[in-house]
Amino acid sequence: MNLNIEFGNGVISLPEKALNVLQSASSTEIKLLVYIASDKSVRENFSHEDAALMLGVNTDDIANALKFLVDSGLVSGEISREKADISVRVKKAGERSVTVIKAGNDAPTYTGAEIEAIFSQKSDIRLLVDECQRIFGKMFTLMEINRVISLADYYRFDNEYVVTLFQYAAKIGKPSVPYVDKMGRELYNQGIVTLDSLEKKIKQLEDFSTVEGFVRRLFGMGERKLTSKEAKFVEMWSQESYPQTMIELAYEISVNNTGAPSMPYINKTLTNWREAGYRTTEEVVKSIDKYRQEKQDKRDQTTRKMDDPMEEAILSSSKSRLQKILKENNS
């Protein structure tokens with residue numbers, strides 16, 4: 001196969017030794033090298049923001065890629081680290097010293113070369129990244145790969161834990177590595193670090209989401225954000241595992257008794273039912289029917305008590321009249 005390069009109106013020159021680092025360089029690092037080589041003005045007035053905009057990545061990606069190019073000897077010059085707001089520390093990976101760039105959010109990141117070093121020493125992490133990419137259906141950027149590695153290597157979540165996080169994010173329609181990274185850090189701070197505790201937490205989140213969706217439809221809330229009080233009620237109802245039909249019955253009772261749906265009223269009704277030992281809507285309906293029947297029986301009994309004296313008076317009067325008539329007939 002013969003190939004030709006269409007140079008067009010210009011040529012970009014790259015150092016020959018770039019071939020030596022292609023295997024260990026990420027796509028962002030290669031793109032940045034071509035971008036820097038494309039124009040002298042880019043090199044003289046290099047801007048992290050301009051490069052990020054041109055390559056479609058963030059400034060942290062540019063800072064990490066630039067560090068790789070400098071460390072590999074492909075680029076030289078004074079590099080400002082202030083724009084990326086990063087500091088460098090050293091972390092041991094096996095017997096090899098690996099430089100870690102520690103970002104402001106405490107999530108450590110690695111250069112492309114360092115990622116390859118970790119992959120070669122921990123093949124399961126490479127497989128983890130591949131699986132997470134498969135779940136989201138896309139190739140990750142260098143920064144995204146860093147965040148996956150940090151969950152497993154820095155926060156010490158096992159691979160199945162990380163995979164479960166990605167599966168949950170994909171399930172709820174949020175296939176975003178930053179979202180998974182943020183969720184992982186929050187779970188870590190909450191002490192939810194085992195797969196078992198994670199699965200329980202996810203069930204709670206799914207239950208909340210289910211109840212929230214039902215309550216939104218019931219109250220006609222649309223897509224607006226729940227207020228803190230509304231979210232608190234939804235959280236309580238999901239934690240108590242109230243059936244949706246029971247919540248709807250309490251809703252109807254609230255409207256019938258107050259003229260409008262009231263979450264505090266509904267919550268009080270649900271709490272009363274729970275304290276009375278009712279766990280299903282059927283049990284509640286039976287108790288309501290029983291209450292209404294007992295109430296009707298009392299009304300009937302009261303009516304009968306009020307009617308009895310009248311009946312006695314009528315009977316007594318009729319008896320008197322009958323006796324009078326009989327007496328008159330005998331005389």
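Residues numbered from 1 in each chain as written. Predicted model: local features only at pLDDT ≥ 70, side-chain atom pairs only at ≥ 80, totals over all residues. Heavy atoms only, no water.

A look at the packing of helix α6 (residues 123-136) against helix α7 (residues 142-153)
Working step 1: Where α6 meets α7, the axes come as close as 10 Å, and the angle between the chain directions of the two elements is 125°. As summarised for this structure, α6 and α7 are arranged oblique, according to the angle between their axes. Helix-helix and strand crossings are classified by hand; for α6 and α7 the assignment is right-handed. In this structure, α6 contributes I125, L128, V129 and C132 to the contact, and α7 contributes I145, V148, I149, A152 and D153. (Axes fitted to C-alpha atoms, helices over the stretch in contact; angles between N-to-C directions. Helix = DSSP H or I, 4+ residues; strand = E, 2+ residues; numbered from the N terminus. Parallel < 35°, antiparallel > 145°, perpendicular 65-115°, else oblique. Left-handed = near helix turned anticlockwise from the far one by under 90°. Contact = heavy atoms within 4.5 Å.)

A look at helix α1 (residues 27-38)
Working step 1: Look at α1: 16 Å from first C-alpha to last across twelve residues, which is about the 16 Å you get at 1.5 Å a residue.
Working step 2: When α1 is considered as a whole, its buried residues turn out to be T28, E29, L32, L33, Y35, I36 and A37.
Working step 3: Where α1 is buried, its residues meet α2 (40-44), α3 (48-55), α4 (59-71), α5 (112-121) and α7. (Expected span 1.5 Å × (residues − 1). Buried < 20%, exposed > 50% of the residue type's maximum accessible area, 1.4 Å probe, protein only.)

Things to note about the confidence of the model for the chain
Working step 1: Model confidence for the chain is summarised by a mean pLDDT of 78, while 80% of its residues fall at 70 or above.
Working step 2: Averaged over each element, pLDDT in the chain is lowest for strand β1 (residues 87-93) (33) and highest for helix α8 (residues 159-171) (95).
Working step 3: Low pLDDT, under 50, characterises residues 81-104; the predicted model gives this stretch 54 contacts beyond four residues in sequence or across chains.
Working step 4: Under a pLDDT of 50 for its full length, residues 310-319 has, in the predicted model, zero contacts with residues more than four places off or in other chains. (pLDDT = per-residue confidence, 0-100.)

Considering empty space enclosed by the protein
Working step 1: The tally for this structure, following the rule as stated, stands at one cavity of 30 Å³ or more.
Working step 2: There is about 40 Å³ of room inside the largest cavity.
Working step 3: As for the largest cavity, its lining consists of A18, V21, L22, A25, E29, I30, L33, F68, L69 and L74.
Working step 4: Listing elements by their share of the lining of the largest cavity, those giving two or more residues are α1 and α4.
Working step 5: Among the elements that line the lining of the largest cavity, the one with the most residues is α1, at three residues.
Working step 6: In terms of residue class, the lining of the largest cavity is built from nine nonpolar, no polar and one charged. (1 Å grid on protein atoms, 1.4 Å probe; cavity = no way out; pocket = protein on both sides within 12 Å on 5 of 7 lines; lining within 4 Å. Points joined across faces, edges and corners; volume = space filled by probe spheres on them. Nonpolar A, V, L, I, M, F, W, Y, C, P; charged D, E, K, R; others polar.)

Here we look at the environment of F68
Working step 1: Tracing the chain through its elements places F68 in helix α4.
Working step 2: Along the backbone, F68 and G112 are 44 residues apart, and their C-alpha atoms lie at a distance of 6.9 Å.
Working step 3: Every residue in contact with F68, bar those within four places of it in the chain, is listed here: V21, S24, A25, E29, T111, G112 and A113.

Details of unusual backbone geometry
Working step 1: Even without glycine at this site, R156 takes up a positive phi of about 65°.
Working step 2: Summarising the element assignment, R156 is placed in the loop between α7 and α8.
Working step 3: R156 gets classed as exposed once you look at its relative accessible area, which sits at 56%.
Working step 4: Here S241, not a glycine, exhibits a phi torsion of approximately 55°, which is positive.
Working step 5: Structurally, S241 is set in the loop between α11 (228-239) and α12 (244-258).

Regarding the pattern of salt bridges
Working step 1: Inspection of every chain in the model, using the stated rule, returns twelve salt bridges.
Working step 2: Between R185 and D181 there is a salt bridge, and its shortest N-O distance comes to 3.1 Å. One end of the pair is R185 and the other is D181, both in helix α9 (residues 177-189) and four residues apart, which spans about a single turn.
Working step 3: Residue D181 is classed as buried on the basis of its relative accessible area, which comes to 0%.
Working step 4: We note a salt bridge from R274 to E240, for which the minimum N-O separation is 2.9 Å. Residue R274 is located in helix α13 (residues 263-275), and its partner E240 is located in the loop between α11 and α12; the two are separated by 34 residues in the primary sequence.
Working step 5: R274 sits in the buried class, given a relative accessible area of 15%.
Working step 6: E240 sits in the partly exposed class, given a relative accessible area of 37%.
Working step 7: When salt bridges that share partners are traced, they join K122, D153 and R156 into one network. (Salt bridge = Lys/Arg side-chain N within 4 Å of Asp/Glu carboxyl O.)

Quick word on the packing of aromatic side chains
Working step 1: On inspection of all chains with the given rule, the structure shows ten aromatic pairs.
Working step 2: An aromatic cluster is built from Y154, Y155, F157, Y161 and Y188, whose rings are joined through pairwise contacts. (Phe/Tyr/Trp six-rings, centres within 6.5 Å; stacked < 30°, edge-to-face > 60°.)

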